[in-house]
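Here is what each chain is made of, one letter per residue.
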Amino acid sequence: MNVIREAKREMARVISQAINVEEEKVFNNIEYPSKEGLGDLSLPLPSVTRNLNIDVSGRGKYVKSFRRDGIFINVELDEVSVFNDVFSSLSEDYGLEKVDKPKRIVVEHTSANPIHPLHIGHLRNAILGDTLVRLLRARGHLVNSRFYVNDSGRQVAILIYGLSKLNYPEPPAGVKKDEWLGLIYAMTNVILEIRQITQELKNASESEYKEKISKRDELVAVAQGLRERNEEYFDVLSDGIMKEEDPEKVILDIIERYERGDERTKQIVRKYVNYALEGFMESLGKLGISFDVFDYESDLLWNGDVRKVLEETMDSRARVNYKGTWALDLENFIDEAVKEELRIPKGLELPPLVLMRSDGTTLYTLRDVAYTFKKFSDFKADVVINVIAEQQAVPQMQLRATLYLLGYPEHAKNLLHYSYGMVSLQGMRMSGRLGRYISFDEVYEKVKEVVEAKVREKKGNLEELDEIVNSAIRYAIVSVSANKPVTFNVNKITNLEENSGPYLQYTYARAYNILAKVTDHLDVSNIDPLELVGEKRKILIMIARFPEVFAKAADDMSPEVLTVFLRQFSDLFNAWYDKERVLQEKDEKKRITRIFLVKGVEAVLRNGLKSLGIKPLTKM
RNA sequence: GGACCCGUAGCUCAGCUAGGACAGAGCGGAGGCCUUCGGAGCCUUAGGUCGCGGGUUCGAGUCCCGCCGGGUCCGCCA
């Protein structure tokens with residue numbers, strides 16, 4: 001039951017008849033007054049008519065009164081009707097309104113390269129992605145979450161090359177596998193880069209020389225830092241790589257063997273890639289994040305999917321010769337109207353999609369086309385959402401344009417890029433390549449430390465410690481709009497005061513514990529209508545609004561909408577909580593009225609928090 | 001050079017998609033509240049040319065244009 005919607009309908013019906021404007025138009029322009037004392041619902045008249053000289057009167061089931069106030073028609077709701085209808089139908093899943101026509105939706109998120117541990121950029125990706133999954137599921141959609149394993153690129157090959165120099169060691173017991181791999185990868189890469197730049201120095205011109213020297217010094221400093229973390233590995237790697245005649249050739253050979261599907265290479269690569277994934281899952285598991293499916297990029301190569309797409313593109317009328325290889329000319333074969341339809345800026349000159357390297361091997365974006373087909377077909381998806389950083393905006397547009405050109409306009413339209421802004425680190429860019437990052441695990445442990453100290457100080461319940469840490473981290477991420485660039489700051493996450501996940505959990509616990517002690521028989525007809533004033537009345541209206549807010553947050557894919565609402569709602573409840581007693585109230589009708597409101601608060605917070613992936617705590 | 005994202009209180013951010021009533025929170029600052037169902041709380045208070053300049057409109061933080069800052073992308077990398 002969505003009481004607010006019914007009330008808005010009633011209001012719109014009366015006004016539309018009075019001023020002769022379509023009901024739908026009136027309905028869509030109804031808003032909530034921005035300040036107190038103006039009623040519960042409001043219509044700015046100029047938004048629907050030029051005739052401002054009108055008055056509306058009367059009342060209905062929900063509408064108690066209409067009042068003309070400047071350019072507005074303000075409506076006061078009948079709190080008793082609202083109360084009755086909200087609480088006589090208050091179910092377990094109150095507010096989690098389901099869509100009429102559920103869609104099948106694939107959400108791909110996180111998809112970190114399996115060569116180093118997850119860092120705070122992935123943290124944002126994973127939390128946004130997982131929150132979308134939960135919100136859309138709560139809304140009634142069928143959602144399939146996927147992780148794309150980029151296992152066939154150069155980066156994995158570098159890692160495997162390093163491992164080969166170490167004679168394919170096993171991760172030591174007690175060490176997190178992704179972290180262990182990340183160190184080996186960074187060492188290998190840095191040593192390769194130093195070797196490379198040292199070579200370049202030999203034929204460098206005077207002007208380049210200085211720049212290259214300083215770049216090399218920088219790399220050497222990074223290398224020293226890495227060496228301190230494991231001297232034995234570093235020295236063996238350094239020795240092996242420096243002695244290698246042509247490391248580049250060996251790395252290309254690894255790529256070639258893996259892409260071809262050479263059995264021994266497959267075994268080795270998959271083993272270590274899966275170690276990295278194990279590490280990812282261990283980290284993400286702490287926040288309750290998991291995936292339905294892992295898709296390996298290499299599978300698309302081995303099973304012929306990529307080849308099929310390549311053949312299709314080679315048949316395309318948009319195929320052109322580009323710098324000596326083949327590409328799709330997206331710019332000249334996609335007109336303005338289609339660009340707009342595919343959410344591509346008019347002024348952007350879309351770069352051609354290069355189909356293959358001169359040696360015939362394929363490139364990431366083309367493989368991504370194949371992967372997109374797989375996501376649509378495997379799950380019979382209506383919509384595919386890619387949660388990817390904003391840096392990938394252009395490749396994502398190329399992807400949509402390519403799908404369109406290949407004759408799949410529906411796929412192109414239903415492929416959404418859920419973009420998020422960069423996460424930087426106090427002015428410094430993170431770099432997995434150089435082993436410079438704050439890992440997901442470090443963040444988690446740091447937050448856990450602070451939360452634990454706080455719980456001990458409060459003599460609180462340590463059993464749910466992980467759930468408090470989870471809510472602190474999720475809230476900090478999800479309460480900022482996705483497209484904002486953010487600078488990472490642990491202090492912000494460890495502030496557990498009013499604007500925080502733990503604050504919401506705490507508020508929930510208060511409401512829950514009142515209800516746990518209730519002995520009254522609750523009957524909506526046994527209440528005191530005069531109680532529905534002040535904060536209690538406002539709480540009631542917000543409870544009634546919750547289904548609408550939830551639906552908007554899910555439909556717009558804007559979890560921050562729900563977050564803000566839950567916080568304001570908690571503020572309101574806490575303000576009231578401090579002023580009046582519930583259980584100690586002597587008058588039975590007053591007491592029962594208040595208990596109902598607390599029940600509403602409990603339901604709204606419980607369902608709101610759950611759909612954000614935060615556990616409502618009964619004690620903390 | 002072109003394209004995209006961001007710019008709101010000392011700091012961190014809501015509000016901008018679909019314009020509407022004196023611009024809202026938290027942190028930090030100042031001052032209060034434990035005979036109280038959980039003080040991770042409550043109540044006061046100070047703090048703002050909504051980056052700047054035009055335009056559209058009865059009305060602009062919100063829409064349009066032009067600037068200025070910060071970031072990102074423009075590879076036969078992923």
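What you see is a predicted model; the values in this text were computed from it and never measured.

Now for the domain arrangement of chain A. You can read the domains of chain A as domain 1 (3-77), domain 2 (104-152 + 293-424), domain 3 (154-285) and domain 4 (440-611). The C-alpha centroid of domain 4 is placed 31 Å from the C-alpha centroid of domain 1. Contacts between domain 1 and domain 4 engage eight residues on the former and six residues on the latter. In total, domain 1 and domain 4 occlude about 620 Å² of area from one another, counting both sides; carbon and sulfur atoms represent 49% of this. Its largest share of buried area at the contact with domain 4, domain 1 owes to Ile4, Tyr32 and Asp40, together 61% of the area lost on that side. There are three salt bridges connecting domain 1 and domain 4. Our enumeration of links across domain 1 and domain 4 arrives at five residue pairs in polar contact (both at pLDDT 80 or more). Residue assignment for the side of domain 1 that touches domain 4 shows that the elements contributing at least two residues are helix H1 (3-19) and strand E3 (72-77).

Counted by the stated rule, this structure contains 60 salt bridges. A salt bridge links Asp130 to Arg134, with the nearest nitrogen and oxygen atoms 2.6 Å apart. Note that Asp130 and Arg134 are positioned in helix H4 (residues 120-138) at a spacing of four residues, about one turn of the helix. For Arg134, a relative accessible area of 28% translates into the label partly exposed. In this structure, the salt-bridge partner of Arg474 is Asp130, at a minimum N-O distance of 2.8 Å.

As a further point, take empty space enclosed by the protein. Within the structure shown, the criterion is met by one cavity of 30 Å³ or more. Here the largest cavity is characterised by a volume of approximately 40 Å³. In terms of lining, the largest cavity is formed by Asp151, Ser152, Gly153, Val156, Ala157, Ile160, Ile254, Ile255, Tyr258 and Val269. For the lining of the largest cavity, the secondary-structure elements that each account for two or more residues are helix H5 (154-165) and helix H9 (247-260). Residues belonging to the lining of the largest cavity are distributed by class as follows: seven nonpolar, two polar and one charged.

With that settled, consider the protein's contact with RNA strand B. Taken together, 74 residues surround RNA strand B, and among them Ser42, Lys323, Ser358, Lys458 and Arg581 come closest. Backbone atoms, meaning sugar and phosphate, make up 65% of the atoms of RNA strand B lying within 4 Å of the protein. In this structure, a sugar or linking oxygen belonging to RNA strand B sits 2.6 Å away from a side-chain N or O atom of Arg567. For the surface near RNA strand B, the secondary structure elements donating two or more residues are strand E1 (41-44), E3, helix H15 (364-378), helix H16 (393-405), helix H21 (501-516) and helix H23 (559-579). A breakdown of the residues in the surface near RNA strand B according to their chemical character gives 31 nonpolar, 21 polar and 22 charged.

Reading the values: the criteria
- Residues numbered from 1 in each chain as written.
- Chains lettered and ligands numbered in written order.
- Predicted model: local features only at pLDDT ≥ 70, side-chain atom pairs only at ≥ 80, totals over all residues.
- Heavy atoms only, no water.
- Domains from an automatic or database assignment.
- Contact = heavy atoms within 4.5 Å.
- Buried area = accessible area lost by both parts, 1.4 Å probe.
- Salt bridge = Lys/Arg side-chain N within 4 Å of Asp/Glu carboxyl O.
- Polar contact = N/O pair within 3.5 Å; in protein donor to acceptor, adjacent residues only side chain to side chain.
- Helix = DSSP H or I, 4+ residues; strand = E, 2+ residues; numbered from the N terminus.
- Buried < 20%, exposed > 50% of the residue type's maximum accessible area, 1.4 Å probe, protein only.
- 1 Å grid on protein atoms, 1.4 Å probe; cavity = no way out; pocket = protein on both sides within 12 Å on 5 of 7 lines; lining within 4 Å.
- Points joined across faces, edges and corners; volume = space filled by probe spheres on them.
- Nonpolar A, V, L, I, M, F, W, Y, C, P; charged D, E, K, R; others polar.
- Near = heavy atom within 4 Å.

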